[in-house]
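Here are the chains, one letter per residue:
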Amino acid sequence: MLVDQIVGRRPGLDDLLARFAHRLGRAQPRKQALTYLVGLLSPLAVKNGWTLAAAAGDTTPDRMQRLLNRSLWGSRRGP
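Residues numbered from 1 in each chain as written. Predicted model: local features only at pLDDT ≥ 70, side-chain atom pairs only at ≥ 80, totals over all residues. Heavy atoms only, no water.

*Asks:* Would you mind showing me how to read the packing of helix α3 (residues 27-41) against helix α5 (residues 62-69) here?
*Replies:* How two helices pack is summed up by the angle between their axes together with the distance between the axes. Two elements in contact, α3 and α5, have axes separated by 10 Å at closest approach and are oriented at 110°. Taken together, α3 and α5 sit at an angle that is classed as roughly perpendicular. In contact with Pro 29, Gln 32, Ala 33, Thr 35 and Tyr 36 of α3, α5 contributes Arg 63, Met 64, Leu 67 and Leu 68. Across the contact of α3 with α5, the residue classes break down as six nonpolar, two polar and one charged. (Axes fitted to C-alpha atoms, helices over the stretch in contact; angles between N-to-C directions. Helix = DSSP H or I, 4+ residues; strand = E, 2+ residues; numbered from the N terminus. Parallel < 35°, antiparallel > 145°, perpendicular 65-115°, else oblique. Contact = heavy atoms within 4.5 Å. Nonpolar A, V, L, I, M, F, W, Y, C, P; charged D, E, K, R; others polar.)

Structure representation (structure tokens):
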């Protein structure tokens with residue numbers, strides 16, 4: 001899976017996610033946000049919902065779309 005290949009090789013990825021992860025109240029959206037970031041940082045030629053989902057091992061882009069369209073992003077201020 002693409003996430004396994006990139007996490008650990010991209011210094012600062014955890015720091016980047018930590019900057020906004022607190023705004024996502026549940027663990028699943030935070031995990032999906034990491035997957036989305038990894039896809040955006042990947043060498044994929046085309047980066048859209050379908051290609052990011054396929055690289056993450058999903059059969060449809062539903063999870064990626066749900067993260068962007070339906071996840072509740074808290075408004076509290078973080079560190």
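Next comes the rest of the account.
*Asks:* What exactly am I supposed to notice about helix α4 (residues 49-56) here?
*Replies:* Inspection of α4 places Leu 52, Ala 53, Ala 55 and Ala 56 among the buried residues, and these make up the whole buried set. Viewed end-on, α4 has its buried residues packed into an arc of 160°, placing them on one side of the element. Exposed positions of α4 whose direction lies more than 90 degrees from the buried face are Trp 50 and Ala 54. Of the residues that open α4, the one with a side-chain oxygen 3.0 Å from the backbone nitrogen of Trp 50 is Asn 48. Following α4 by one or two positions, Gly 57 adopts a phi angle in the positive range, close to 95°. (Buried < 20%, exposed > 50% of the residue type's maximum accessible area, 1.4 Å probe, protein only. Arc of directions from axis to C-beta. Polar contact = N/O pair within 3.5 Å; in protein donor to acceptor, adjacent residues only side chain to side chain.)

*Asks:* Help me understand the pattern of salt bridges in this model?
*Replies:* Any two side chains of opposite charge can pair, on the condition that their charged atoms come close. What the rule picks out here adds up to one salt bridge. For Asp 58, the salt bridge goes to Arg 63, with nearest N and O atoms at 3.4 Å. Owing to a relative accessible area of 17%, Asp 58 belongs among the buried residues under this scheme. Since its relative accessible area comes to 43%, Arg 63 is described here as partly exposed. (Salt bridge = Lys/Arg side-chain N within 4 Å of Asp/Glu carboxyl O.)

*Asks:* Just to check I follow, could you spell out the nonpolar core for this structure?
*Replies:* Across soluble globular proteins, nonpolar side chains have a tendency to be buried as a group. With nine residues, the main nonpolar core is built from Leu 13, Leu 17, Ala 21, Leu 24, Ala 33, Leu 34, Leu 37, Val 38 and Leu 67. Secondary-structure elements contributing two or more residues to this core are α2 (13-21) and α3. In terms of residue count, the dominant contributor to this core is α3 (four residues). For Ala 33, the contacting residues outside a window of four places in its chain are Leu 17, Phe 20, Leu 24 and Leu 67. (Core = buried A, V, L, I, M, F, W, Y, C linked by side-chain atoms within 4.5 Å.)

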